[in-house]
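Overview (structure and organization)
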Number of protein chains: 2
Amino acid sequence: MAWKAIGIFDSGVGGLTVLKEVVRSLPQEDTIYFGDTARVPYGTKSPETVLRYSRQIANYLLSRDIKLLVVACNTASAVALSQLQKELPIPVVGVIEPGARAACQVTRSGKVGVIGTAGTIGSSAYTKAIKRINPDIEVVTKACPLFVPLAEEGWVDNEVARLTARIYLEELKAQNVDTLVLGCTHYPILKEVIAEVMGPEVTLVDSAEQTAITVTRILSESHLLRPDGEQGNHHYYVSDIPAGFIRVGNRFLGGRLGDVYQVNLEQEQQDGGGGEEEA
Amino acid sequence: MAWKAIGIFDSGVGGLTVLKEVVRSLPQEDTIYFGDTARVPYGTKSPETVLRYSRQIANYLLSRDIKLLVVACNTASAVALSQLQKELPIPVVGVIEPGARAACQVTRSGKVGVIGTAGTIGSSAYTKAIKRINPDIEVVTKACPLFVPLAEEGWVDNEVARLTARIYLEELKAQNVDTLVLGCTHYPILKEVIAEVMGPEVTLVDSAEQTAITVTRILSESHLLRPDGEQGNHHYYVSDIPAGFIRVGNRFLGGRLGDVYQVNLEQEQQDGGGGEEEA
């Protein structure tokens, strides 16, 4: 029996932190990752545009015969998840709900902090998801726009990262949150410096980890898990020149990024395949 | 007699530093700015894609009856300038040549530093432009990816900016350049901290300033300058939701950004106008 792969997409390289956690939890599973590097970032685009792009990518991954789709992008999760769940014949998992659920379980004080990009924080996606689960929880949010470029530059444990984290997180710390959701797929890369600034009494909720837990549960419940002991293969696709993707991707995955292929999604839609070339 | 405007475009908000210098030099001129916020950044896209986008924008601005076009984007200047100069019936000015020319005039040691985004530095556009003018000049380059997000966040004179500048510029300083080209339209925002780190013996060449000087010279030579004493009007267009553009644009222009309108370039191409709505 051939086992289908898990499909994962993001607007760029950030979703690789989700891939990493999925592979850590389920090393036997094949994965197909798609990074929409031609059209990154999604956070500044209109909801209609993000939904259209997400559909194109979902259909491309479906044509590669996946058994589950992870929307490893906060903007696409906020804007396109429920629509994709309605339209696709396979389970679709976003990154917001798992992080929100974990935060609600972890907090004792009922005061939760959420950090993310300006787009994610502006959309209130995490606040809404947390309030849907438990309306009594108080949510304090903070946009941290410099964390993404710091993570991509690999400045994760130097003085600039530490000082930046202190400036952004001071305010949340002063408000005594006991739980902090890392609401951006890039932020796990900066986890250590964030933990250092927030102190040991604050629990960090890593959306990437929580998403991997949700994926494992769904595949297990639907009896779609590949047997333990097998070794998964991992394929990477991008929509534009992958030079930056390869450099940053290797940083995110600890140097274990494989070959990356470029796919022209618009061509793909017209001729149903073949718009692919090795980078 | 109706005086035509100066058209200026960039992939996003960065070109506003060029607009600011043009307005400072020529307060009597009308300007039309276009920021391609739907498709920013250009630096990671293929040359064919950047040329296609640049042509679309140039044609849109031409349809608004401009007398000169400034390509206030380093990537588009490197990739599309000569083609636009061939195709358009008006003068077209890029941001690379003016900065390169000024650096060649300013340096006494013959050792010039250039800083820019990873895309601009990787393209060697400034090195090639400087070498074309004077092959004996030694050029030392350094990509500074965090400068753009620092400028957009408005962190231009805090400890994070200072420390970041020190890390990036240390190496150039050690190599004894006597001239430093700010090869990115965002960098003038960080000029003070860059000057502080480089020290008084290094002359900074601001591409935005030099581009404004070139624009003034060309309009003057072609007798297209509007008479002194008039007061120019300034219009701003973007290709996607302008929320971030307005916030950062006001920071770049010192709060003097006017109304910003959204234009759908694809629709514009089909029906020749009308795809415009106030933001």
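None of these values were measured; they are calculated from a predicted model.

Overview of the overall build of chain A
A count of helical and extended segments in chain A gives 12 helices and 11 strands. Expressed as lengths along the three principal axes of its C-alpha atoms, the size of chain A is roughly 55 × 40 × 40 Å. Looking at chain A residue by residue over its 279 residues, the buried ones come to 56%. Restricting to contacts in chain A with at least 6 residues of sequence separation, those with at least 24 account for 73%. If you sum the accessible surface of chain A, you get close to 11,600 Å²; carbon and sulfur atoms cover 48% of it.

Here we look at the pairing of strand β3 (residues 66-71) of chain A
All names here are of chain A. Extensive coverage of β3 is indicated by the burial of six of its six residues. Pairing analysis gives five bridges linking strand β1 (residues 5-10) to β3, with the strands arranged parallel. Paired with I8 across the two strands is V70, which belongs to β3. Direction of pairing for β3 relative to strand β4 (residues 92-94): parallel, over a ladder of three bridges.

Things to note about the side chain of T75 of chain B
Residues and elements named next belong to chain B. Inspection of the secondary structure assignment puts T75 in helix α3 (residues 74-87). A relative accessible area of 16% places T75 in the buried class. In contact with T75, not counting residues within four places along its chain, are Y42, G43 and V50.

Digging into the UniProt feature "active site" (unreviewed entry) in chain A
All names here are of chain A. The feature "active site" (unreviewed entry), as given by UniProt, occupies C73 and C184 in the numbering adopted here. In terms of the greatest pairwise C-alpha distance, the residues named above, spread along 112 residues, form a tight cluster of at most 7.9 Å across. Structurally, the position occupied by C73 is in the loop between β3 and α3 (74-87). For C73, a relative accessible area of 3% corresponds to the buried category.

Description of the pattern of salt bridges
Think of it this way: side chains of opposite charge can pair up when their charged atoms draw near. Enumeration according to the criterion identifies 34 salt bridges over all chains in this entry. Salt bridges here are not isolated pairs; linked through shared partners, they connect D30, R226 and E230 of chain A.

Quick word on the UniProt feature "binding site: substrate" (unreviewed entry) in chain A
Residues and elements named next belong to chain A. Per the UniProt record, "binding site: substrate" (unreviewed entry) is annotated on D10, S11, Y42, G43, N74, T75, T185 and H186. Spanning 177 residues, the named residues nonetheless gather at one spot, since no C-alpha pair among them exceeds 14.1 Å. With respect to the secondary-structure elements, S11 resides in the loop between β1 and α1 (16-25). Leave out the neighbours within four places in its chain, and S11 touches G35, D36, T37, V40, Y42 and C73.

Side note on the nonpolar core
Grouped together as the largest cluster of nonpolar side chains are 110 residues, with contacts concentrated most on I194 of chain A together with I194 of chain B. Dropping the residues within four chain positions of it, I194 of chain B is found in contact with I115, F147, L169, L180, L182, Y187 and L204 of chain B.

Quick look at the relation of the copies chain A and chain B
Once turned by 180° and shifted 0.0 Å along the axis, chain A lies on chain B with an RMSD of 0.0 Å. Between the two chains, the operation in question is that of a two-fold axis. Within chain A, V160 of chain A has its C-alpha nearest the rotation axis, a separation of 2.8 Å. Both copies share a contact surface, since 100% of the interface residues of chain A are interface residues in chain B too.

Analysis parameters
Residues numbered from 1 in each chain as written. Chains lettered and ligands numbered in written order. Predicted model: local features only at pLDDT ≥ 70, side-chain atom pairs only at ≥ 80, totals over all residues. Heavy atoms only, no water. Helix = DSSP H or I, 4+ residues; strand = E, 2+ residues; numbered from the N terminus. Buried < 20%, exposed > 50% of the residue type's maximum accessible area, 1.4 Å probe, protein only. Contact = heavy atoms within 4.5 Å. Areas by Shrake-Rupley, 256 points an atom, 1.4 Å probe, with all protein chains shown as cover. Pairing = 2+ DSSP bridges. UniProt positions renumbered as here; feature names shortened; annotations may be inferred. Salt bridge = Lys/Arg side-chain N within 4 Å of Asp/Glu carboxyl O. Core = buried A, V, L, I, M, F, W, Y, C linked by side-chain atoms within 4.5 Å. Least-squares fit on C-alpha atoms with pLDDT ≥ 70 in both.

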